[in-house]
Amino acid sequence: MGIVSTIASVAPIGFDGHLIEVECDTSRGLPGLQIVGMGNKAIDEARERVKSAITNSLLEYPAKRITVNLAPAELPKDGTHYDLPISLAILASSGQLDANRLKKAVFAGELSLDGKIRAVSGIITIAEMARDAGYTSLYVPVKNVQQALLVEGIDIYAVATLKELYLHLKEEVTLPTAKATTRDNDVGVSPSGPVLDDVYGQEQAKRALVIAAAGHHNLLLTGPPGAGKTMLAKVLASLLPPLTSDECLETTKIHSLAGVLINAAVVQRPFRSPHHTSSQVALIGGGTRPRPGEVSLAHHGVLFLDEMPEYPRSVLEALRQPLEDREVSVTRANGRATYPANFILIGTMNPCPCGYYGDPTKECRCTTSQILSYQKRLSGPLLDRIDMVVHVSRVPTNQLLTLKSSTNSQHSSQKKAIADAQHKQFSRFKSSKRYNNSLSSKEIHSLSPLSPEVRSLLETAANKLSLSPRSYFKVIKVARTIADLDNSDTISPTHLAEALQYRQHS
Ligand SMILES: [Zn+2]
């Protein structure tokens, strides 16, 4: 008589985990293993891995009809981490393990044919779900354990082979609970990229970077090739304060789900620079096996799009939703999955296809219609989500890097000003950790009303420059950040005047 056994595991669906029960029944009949419960190809292939791993671990693979059900059946399952719970369910169903001893634990791991346990993606999602569902132990592959340990409140065991786990569950050997070795270093390192002091000249662009960093404003740098736009974009990432421990966990979770980092914490603010040939799925996320895209890998950091007009129009348009909602929703089998995507966008563009339109020293070879159609590649709705535009002029390449001084004085003082300005925003938004970029027009009126003097200055400027209602509003948001950098509760005429410099010229 076979026993119906149940082993717990977790299905990552988007950013969240769902508890999965792996049920197994063995019965008389033609020997074979059938897996039901909306698994995909990776799970179908588990049959061969599980059979070989059990046999090669010198355990008994039942010569019976084996049925494995992944419940609930309506949730789509993907991934190789069900190998381990499936094999344990088979061992329990055939009486080789005591099913009662497996009740308080969750298991995840891919098996190799010889019974070794291989690393999987999404381990933080799995660990958080296991803990939140009240399980006391989680068994993970050795090569995932450092990441699993970022989740507190559940005992983590690192297992190398199926045999080792079997002996531990039989109480013939005792595996120790895993201990974090790098916990102290998890949070708070600044990116090793260029800093403000490395940039020669470009004072207006540098100031714009400081404002963008302080209020999380999306920024577009325009200018000819060789103006140092890429370097300036990199400086933006290093101006941001270090990741907090919560941000570190969230960012690591995304990188783990994407499979780009499976056994370490993300400790630096992400700086993602996808190439313009990247597919829409790579940039936004999704696909037949849904994964986070670049917009989510840039969460809590910077998304850098070099030469924005070179990206396909469809990709640029798909950016609008994450820019608006700060998360991205992708389709999956039986529904949708959501990933966070709260990033600062920094884009660059040439003024024309050849790059030298308006350049004092080099002649532009483009026709007027070429220039116009090039500039139109960024649609109005996309530009509406960019708060600041700065023109960067060309500096001789040999002057781009100044002799590096021993102290980064400008950089560290500006970094402190940015952190202070952000604290002002957090206290204004009370409970939530938000930045001025996310201010709604209603909130501006209630949280930071304009003085009559500033309001009339803005009205005059809006008429003179024919600002659209959206541009009008963006000027106020940027002015609010400039006032925060100045440690001022009110927006002064000077703050407003500076904000007007970064408006889009239409
Ligand atoms: Zn040109």
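The residue numbering used here restarts from 1 in each chain and proceeds along that chain's sequence as written. For this predicted model, a pLDDT threshold of at least 70 governs which residues receive local features, and a threshold of 80 or more governs which side-chain atom pairs are given and counted, while totals over whole chains, interfaces and linings are taken from all residues.

Structural notes on the overall build of the chain
How we decide: Going along the chain from the N terminus, every DSSP run of H or I of four or more residues is numbered as a helix, and every run of E of two or more is numbered as a strand. By the convention adopted here, residues are in contact when the distance between their C-beta atoms, placed from the backbone, does not exceed 7 Å.
Secondary structure summary: the chain contains 20 helices and 18 strands in total. Along the longest, intermediate and shortest principal axes, the C-alpha atoms of the chain span 85 × 45 × 45 Å. In the chain, the proportion of contacts linking residues at least 24 apart, taken out of those at least 6 apart, comes to 74%.

Some remarks on the nonpolar core
Under the convention used in this document: For our purposes the nonpolar core covers buried Ala, Val, Leu, Ile, Met, Phe, Trp, Tyr and Cys residues that link as a set through C-beta atoms within 7 Å. Field definition: a residue is buried when 20 or more other C-beta atoms are found within 10 Å of its C-beta, exposed when 12 or fewer are, and partly exposed for counts in between, with C-beta atoms placed from the backbone. Segmentation of the chain into domains, including their bounds, is taken from an automatic or database domain assignment.
Residues L209, L236, V302 and M388 are the most contacted members of the largest nonpolar core, which totals 68 residues. When residues of this core are assigned to their parent elements, the largest contribution, eight residues, is made by helix α7 (residues 203–215). Two domains each provide a minimum of three residues to this core, namely domain 2 (196–431) and domain 3 (439–506). With residues near it in sequence (within four places) discarded, L209 still touches L232, V235, L236 and L239. Within the second largest apolar cluster, 65 residues are counted, among which are L33, A89, A105 and L138.

Topic: helix α6 (residues 162–169)
This is how the line gets drawn: The directions considered for the arc are those from the helix axis to the C-beta atoms.
All of the buried residues along α6 are L162, L165, Y166 and L169. Down the axis of α6, the smallest arc covering the buried residues is 105°, so these residues share one side. Where α6 is buried, its residues contact α2 (46–56), α3 (83–93), β6 (110–111), β7 (117–118), β8 (137–141) and β9 (155–159). The first or second residue beyond α6 is E171, which carries a positive phi of 60°.

Details of the domain arrangement of the chain
For the chain, the domain assignment lists domain 1 (5–181), domain 2 (196–431) and domain 3 (439–506). Spacing between the C-alpha centres of domain 1 and domain 3 amounts to 57 Å.

Observations regarding the environment of A89
Within the element layout of this structure, A89 appears in helix α3. Note: C-alpha distance between A89 and T494 (405 residues apart in sequence) is 69 Å. Those residues in contact with A89 that lie beyond four places of it in its chain are S5, I7, V22, E23, C24 and V68.

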